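Chain by chain, the residues run as shown.
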Amino acid sequence: MIAAAWIGFLAGCLPPAHGRAELWLLAAYGALAGLVYGLVMDMWFWPFTTAGSNQLHYVAGASLAENLRRFWGFHIASALGFDLPRALGNVLLVLVAGTPVLVALRRAARRAAFDAAVTFEPALGQVPATAMSPKAR
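Given the structure is predicted, the values throughout are model-derived calculations rather than measurements. Note that residues are indexed from 1 along each chain, following the sequence as it is written. Local features are withheld for residues below a pLDDT of 70 in this predicted model, meaning they are given only at 70 or higher, and side-chain atom pairs are given and counted only at 80 or more; totals for whole chains, interfaces and linings count all residues. Water and hydrogen atoms were dropped before computing side-chain values, which therefore reflect all heavy atoms in the structure.

Draft legend 1. Seen up close, the side chain of Asp42. Secondary structure elements follow DSSP: runs of H or I no shorter than four residues count as helices, runs of E no shorter than two count as strands, and numbering proceeds from the N terminus. With respect to the secondary-structure elements, Asp42 resides in helix α2 (residues 20-45). Working rule for contacts: check all heavy atoms of both residues, and any pair within 4.5 Å makes them a contact. Setting aside chain neighbours within four positions, we find Asp42 in contact with Pro47, Phe71, Phe74, His75 and Ala79.

Have a look at this one:
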C-alpha cells in the first residue's frame, strides 16, 4: 500500500502541463511508475526468498555489493517480465483514456467549489433557534 501511495502522491507532484504535453508527461510517468512499483515490490519480497540453492536469493552476512548483484539478477530474471508489460499498459491506458479522464476531473474540480465559504442554513420547514421564544428552546 505504501508503494501505491507513493505512486499516487508523486503523480500529484508532476509539474503542470497543457494539451498533448500533459498527456505525454502522464504517460511517461506511468511507464516509470510501473517499473519503479515492481522494483519496490521486489525489494520487499526478495529478502524472504532464502529457500533453495539458487544464486539469486538473499544471503545474510554477505556484502552489500554481493547482495545487490543477487537482487538485480533476481529482479531481471523474475519480475522484469511483469514490470515491462505493466509499464506499457500504463502508457497505453493513459494515451487512450487520459483525455476524457482529465476532462472529467477538471469539471469535478470546478463544480466542487473547494474555495467556497462554509455557511449553515436551517433545513426547509425548520425555524432557526434565534427565532424561537426562550420557552421553546
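Draft legend 2. Expanded view of the side chain of Asp83. Tracing the sequence through the fold places Asp83 in helix α3 (residues 64-112). Relative accessibility decides the category of a residue: with a 1.4 Å probe and only protein chains considered, values under 20% of the type maximum give buried, values over 50% give exposed, and everything between is partly exposed. Judged by relative accessible area, Asp83 falls into the buried class, the value being 2%. Other than its neighbours up to four places away in sequence, Asp83 contacts Gly34, Leu35, Gly38, Leu39 and His75.

Draft legend 3. Local environment of the pattern of salt bridges. Salt-bridge detection follows one rule: a side-chain nitrogen of Lys or Arg within 4 Å of a carboxyl oxygen of Asp or Glu. Scanning the entire structure with this criterion turns up 4 salt bridges. Between Glu22 and Arg106 there is a salt bridge, with its nearest N and O atoms 2.5 Å apart. A residue pair is termed long-range when its members are at least 10 positions apart, and Glu22 in helix α2 and Arg106 in helix α3 qualify at 84 residues. The buried category is assigned to Glu22, whose relative accessible area is 16%. For Arg106, a relative accessible area of 38% corresponds to the partly exposed category. Arg86 serves as the salt-bridge partner of Asp83, at 2.8 Å between the closest nitrogen and oxygen.

Function cannot be read off these values alone, since they describe shape.
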